[in-house]
Amino acid sequence: MPTFDMNPYDGDENDYMPQEDDWDRDMLLDPAWEKQQRKTFTAWCNSHLRKAGTQIENIEEDFRDGLKLMLLLEVISGERLAKPERGKMRVHKISNVNKALHYITSKGVKLVSIGAEEIVDGNAKMTLGMIWTIILRFAIQDISVEETSAKEGLLLWCQRKTAPYKNVNIQNFHISWKDGLGFCALIHRHRPELIDYGKLRKDDPMTNLNTAFDVAEKYLDIPKMLDAEDIVGTARPDEKAIMTYVSSFYHAFSGAQKAETAANRICKVLAVNQENEQLMEDYEKLASDLLEWIRRTIPWLENRAPENTMLAMQQKLEDFRDYRRQHKPPKVQEKCQLEINFNTLQTKLRLSNRPAFMPSEGKMVSDVSNAWGGLEGAEKGYEEWLLNEIRRLERLDHLAEKFRQKAATHEAWTEGKEEMLQARDFETASLSEIKALLKKHEAFESDLAAHQDRVEQIAAIAQELNELDYYDSPSVNSRCQRICDRWDALGALTQKRSDALQRTEKLLETIDELYLEFAKRAAPFNNWMEGAMEDLQDTFIVHTIEEIQGLSTAHEQFKATLPDADKERGAILGIHNEIAKIVATYHVNMAGTNPYTTINPQGINAKWDKVRQLVPQRDQALIEEHARQQNNERLRRQFANQANVIGPWIQTKMEEIGRISIEMHGTLEDQLTHLRQYEKNIVNYKPKIDQLEGDHQLIQEALIFDNKHTNYTMEHIRVGWEQLLTTIARTINEIENQILTRDAKGISQDQMNEFRASFNHFDRDHSGTLGAEEFKACLISLGFDIANDAQKKTGMMEAEDFKTCLISLGYNMGEAEFSRIMSIVDPNRVGVVTFQAFIDFMSRETADTDTADQVMASFKVLAGDKNFIMADELRRELPPDQAEYCIARMAPYSGTDAVPGALDYMSFSTALYGESDL
């Protein structure tokens, strides 16, 4: 009779259990393990035999004739075995057992050291080994969880299902199950209504095990294969008995595996949606915070409450500068980050086949930009107002100081004038004294007339201070009124004294007409010398050689007038000498001074000497300034020579980048490598820019403000350089985005080349964009039938033109369908379609991505083929956060088969892909 190797499988590929030589010799030495196996294997066999209306009582006795063994194999395999022998003889029994063993080996099982005789003879060891082999083949082998199978697959399944439960840690099929919580967790995970898991305690294994065994037998149709006392009372429960019993749970809940696969697909879709929603929430919050900051800042910038003092206004200006230096720069970064986040989100939505993100009303990037523009407008207005206010207060302070100076000068001049005019000295004066008093009074009248302008200036300044709302206008007005009243009094007293002196005019025939002549000629000459000294000492600011040459010419002309001035000085001194001669000759009592003027010959000579001293000093200053202007001209030419080379170089590089961006040479990766090498060459040009910056610094230090030798300023060069760096970086980024689109959408390199070749062919002006007619021709060249409507050359397609294009491609363009497509390619609703958006739309039509129908089918699996799903089913099959996400967003199901609490997963699935509102 044949004997069979009991190893379940041959070869590494089908090994689902470790090799076990003499798999149970040591085990059968332990009566506790043998008892557990007898009970478990008997119960397992009966769970299948009862389907055929029979069972066994003693596992080694009831299989001896082979009849129930063959029946067991037929039940668990669903196949018919060879017809059994019905005889009672030993040969008939051996024949039946051999048929069963041959069937087992036909299923790829290699039975080691076991023959039909041992089974017929009731060998307990061989019988248990044979049943264990059957259990492995038909109950455990086909278990597969995430690319693991058999024992490892079953263990992984147990670990996954019990992971959420506290105090459960399944690492094996023996001691990990002793406390009974593992069995209870498996039942509760799939049928939570059968066990109150929260009331179980780890220190009460008997209760836990009996609860699990009883519930499994009563509600899950899993026979009681183990005794709680055997498990608790054994240091290491039998692994095969535990595996047999646990496999019954796996098969009882096998339907949940399909649901788990469906749940994984939903989790994947929901994870993408949750990530996108988080990005949307982040965008909304950042936009709200930025708009709120702008809203709070603009009223402060629009506050035009004036201050009374220059110090207060300068503090406001310092606060504004602090805002510019500290408060605004972080917000500029936030605005930039907001635009970057928005573009990143739109890219992720497009690549994940989701509809474009439309921020809530008032929070579009354009809304933030408009608000930012309003902020900058308010800044400009506030800064202009601050500067105007400071100029106004500076003007007020200047006028107030001028008022005080003129008022003080006038008050000092009028001091004692009333007493002088009221004096009666002329009554006892001699003829010569009377004449002197008369002349002095005439001079006083002249002086009084001259001071009339000062009084009018004081009144005019006071009036201007009132018009400019000077904060101390009351005191100014009071002082001005006192000056005017005193001026009127002086006028009246002057007229009264004049009348008195004229009455004695016949007495005023003196010889001091020469004094008068001296005063009349000395005064203008003195004024000329004072003016000359002021001009010679006046500082000058010139910016060109021509200007300094003009000053030198004027100085030479002034020096030419000095001989005539010296003659006039001699004539004036001659008058004074004649007066002195007359006084000495006629002994006239003149008190040694000229009554008509304070100018004396000593003062005239001193000022003349000062003028002669200042002339050579002025000569030297003009010579030094001429040398400085020559040096400035050298700096201008030095800067211009470099700028006139660098400026055209930058423009040439900009044009070359423009040509590179529209030409095709090799793959996108080749183009990217070329552009990066080009970028490196541009960066290597930076030392020349730095050298020009050094020359520009020398020009600024020399206070040179214009340069007629070049049209390029340092600001032009800087802007051009920054634009050049930005353009090459942006061109590199465009190629990287094309690679991203190609890889994400599955567009081949040939397709990308075809699209780009057509685009470049019709880009006549090499601008990198297509007009409407060019775009239409490009589409026709690709095989699209586009109606020949007139289009504007905007580089984009109008909505109606795009609709015509889609119809020509075979799309059924109802208004609703066209609106849906337009929402995809034109998310900002500007009414035009860009070339990139058109390629994105065409590529997504053939992309293999998750669809609403696939997600809907997955939900239907979780719902058990119902048209609705319950909240408990979602919580059981999905992770908690994603389950709650679905429950919060699913609408109630309103179909004819609805039950209380039913949720509509169909509308939810379509909403995920923008086909309806979520």
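Residues numbered from 1 in each chain as written. Predicted model: local features only at pLDDT ≥ 70, side-chain atom pairs only at ≥ 80, totals over all residues. Heavy atoms only, no water.

This is how it is decided: UniProt positions are given in the numbering used here, feature names are shortened, and annotations may be inferred rather than shown by experiment.
The name that an unreviewed UniProt entry assigns to the protein chain is Actinin, alpha 1, with the source organism given as Oncorhynchus mykiss. Here is the UniProt Sequence similarities (unreviewed entry) comment for the protein chain, exactly as written: "Belongs to the alpha-actinin family."

## Some remarks on the overall build of the protein chain
Where we set the bar: Runs of H or I in DSSP of at least four residues are treated as helices and runs of E of at least two as strands, each being numbered from the N terminus. Burial classification: accessible surface area is computed with a 1.4 Å probe over protein chains only, and a residue below 20% of its type maximum counts as buried, one above 50% as exposed, and the rest as partly exposed. Here, two residues are considered to be in contact whenever any of their heavy atoms come within 4.5 Å of each other. Throughout, the Shrake-Rupley method with a 1.4 Å probe supplies accessible areas, and for residues the shown protein chains are the sole cover considered.
On a plain count of helices and strands, the protein chain comes out with 33 helices and eight strands. Counting every position in the protein chain, which comprises 918 residues, the buried fraction comes to 43%. Within the protein chain, residue pairs in contact and separated by at least 24 positions form 72% of the contacts whose partners lie at least 6 positions apart. Approximately 48,100 Å² of the protein chain is accessible, and the part contributed by carbon and sulfur atoms is 50%.

## With respect to the side chain of H48
With respect to the helices and strands, the residue H48 is situated in helix α2 (residues 31–49). Each residue touching H48, except ones within four places of it in the same chain, is listed here: L72, V75 and I76.

## Considerations on unusual backbone geometry
In this structure, N167 is a non-glycine residue whose phi angle is positive, near 65°. Mapped onto the secondary structure, N167 falls in the loop between α7 (150–162) and α8 (181–190). We classify N167 as partly exposed; its relative accessible area is 47%. Phi is positive for D221, which is not a glycine, with a value near 60°. With respect to the secondary-structure elements, D221 resides in the loop between α9 (205–219) and α10 (228–232). According to the relative accessible area criterion, D221 is exposed, its value standing at 53%.

## Description of the nonpolar core
For clarity, the cut-off: By nonpolar core is meant a set of buried Ala, Val, Leu, Ile, Met, Phe, Trp, Tyr and Cys residues that side-chain atoms within 4.5 Å join together.
The biggest cluster of nonpolar side chains holds 77 residues, and the ones touching the most others in it are I131, I134, F183 and F249. Looking at which element gives the most residues to this core, the answer is helix α6 (residues 124–140), with eleven residues. Setting aside chain neighbours within four positions, we find I131 in contact with F41, C45, I59, F63 and L72. Counting residues in each nonpolar core, the second largest holds 42 residues, with L338, F342, Y470 and C480 among its members.

## A short note on the UniProt feature "coiled-coil region" (unreviewed entry) in the protein chain
When the UniProt feature table is mapped onto this chain numbering, "coiled-coil region" (unreviewed entry) sits at residues 269–296 and 434–468. Summarising residues 269–296: 100% helix, 0% strand, and an end-to-end C-alpha distance of 40 Å. For residues 434–468, helix accounts for 97% and strand for 0%, while the C-alpha atoms at its two ends are 50 Å apart.

## Some details on the environment of S894
Relative to the elements of secondary structure, S894 occurs in the loop between β7 (891–892) and β8 (903–904). The class for S894 is exposed, based on a relative accessible area of 71%. Remark: the alpha-carbon pair of S894 and D904, spanning ten residues in sequence, is separated by 7.8 Å.

## Topic: the packing of aromatic side chains
Cut-off, in case you're wondering: Ring pairs shown here join Phe, Tyr and Trp side chains whose ring centres sit within 6.5 Å, with only the six-membered ring taken for Trp; geometry is labelled stacked below 30 degrees between planes, edge-to-face above 60, and tilted in between. When the NZ atom of lysine or the CZ atom of arginine is within 6 Å of a ring's centre and also within 35 degrees of its normal, the charge is said to sit over that ring.
Across all of its chains, the model carries 32 aromatic pairs by this definition. Between F41 and W132 the ring centres are 6.1 Å apart and the planes differ by 10°, which places this aromatic pair in the stacked class. One end of the pair, F41, is in helix α2; the other, W132, is in helix α6, and 91 residues separate them in sequence. Among the aromatic residues, ring-to-ring pairing joins F173, W177, F183, F213, Y245, F249 and F253 into one connected group. Against the face of F138 rests R137, its NZ or CZ located 5.1 Å from the ring centre.

## A short note on the pattern of salt bridges
Using the following cut-off: Here a salt bridge means any side-chain nitrogen of Lys or Arg lying within 4 Å of a carboxyl oxygen belonging to Asp or Glu.
Evaluated as defined, the whole model comprises 51 salt bridges. Notably, a salt bridge pairs E79 with K107, separated by 2.9 Å at the nearest N-O pair. Residue E79 is found in the loop between α3 (67–77) and α4 (90–106), and its partner K107 is found in the loop between α4 and β2 (112–115); the two are separated by 28 residues along the sequence. On the basis of relative accessible area, E79 is assigned to the partly exposed category, the value being 33%. The partner of R636 in a salt bridge is E633, with the nearest N and O atoms 3.4 Å apart.

## Topic: the packing of helix α14 (residues 365–414) against helix α17 (residues 473–502)
Rules: With axes taken as lines fitted to C-alpha atoms, and helix axes fitted only over the stretch in contact, angles between N-to-C directions fall between 0 and 180 degrees. Note that the term roughly parallel is reserved for angles under 35 degrees, roughly antiparallel for angles over 145, roughly perpendicular for angles of 65 to 115, and oblique for everything else. For any helix crossing, the convention is left-handed if the near helix is rotated counterclockwise from the far helix by under a right angle, and right-handed if that rotation is clockwise. Each residue is assigned to one of three groups, with Ala, Val, Leu, Ile, Met, Phe, Trp, Tyr, Cys and Pro labelled nonpolar, Asp, Glu, Lys and Arg labelled charged, and all others, Gly among them, labelled polar.
Contact geometry for α14 and α17: axes closest at 11 Å, N-to-C directions at 30°. One element, α14, and the other, α17, form an angle in the roughly parallel class. Like other packed secondary-structure pairs, α14 and α17 cross with a definite hand, here left-handed. Here F403, R404, A407, A408, H410, E411, W413 and T414 of α14 lie close against α17, whose contacting residues are V476, R479, C480, I483, R486, W487 and L490. Across the contact of α14 with α17, the residue classes tally to nine nonpolar, two polar and four charged.

## Structural notes on α2
The following threshold applies: One fewer than the residue count of a helix, multiplied by 1.5 Å, yields its expected span.
If you check α2, its first and last C-alpha atoms are 26 Å apart, about what 19 residues at 1.5 Å a residue would give, namely 27 Å. Across the 19 residues that make up α2, a large majority, 14, are buried.

## As for helix α11 (residues 239–252)
Convention followed: Under this definition, polar contacts are N or O atom pairs within 3.5 Å; protein pairs additionally need one hydrogen-donor-capable and one acceptor-capable atom, and for neighbouring residues in sequence, both atoms have to be side-chain atoms.
Helix length check: α11 (14 residues) gives 20 Å between terminal C-alpha atoms against 20 Å at 1.5 Å per residue, within 8%. A large share of α11 lies buried, amounting to twelve of its 14 residues. Looking only at α11, the buried set comprises E239, K240, A241, I242, M243, T244, Y245, V246, S247, S248, F249 and Y250. Looking at where α11 begins, the residue whose side-chain oxygen comes 3.4 Å from the main-chain nitrogen of K240 is D238.

## With respect to the confidence of the model for the protein chain
To be explicit about the condition: pLDDT: the predictor's confidence for each residue, scored from 0 to 100.
On average, the protein chain scores 79 in pLDDT, and the residues at 70 or more come to 81%. This stretch, residues 784–795, has a pLDDT under 50; its non-local contacts, to residues over four places away or in other chains, come to 36 contacts.

## So, the environment of V855
Position of V855 among the secondary structure elements: in helix α30 (residues 852–862). You can call V855 buried: its relative accessible area is 1%. Taking C-alpha positions, V855 is 6.3 Å from I266, a pair spaced 589 residues apart along the chain. Ignoring anything within four residues of it in the chain, the contact list for V855 reads V269, S909, L912 and Y913.

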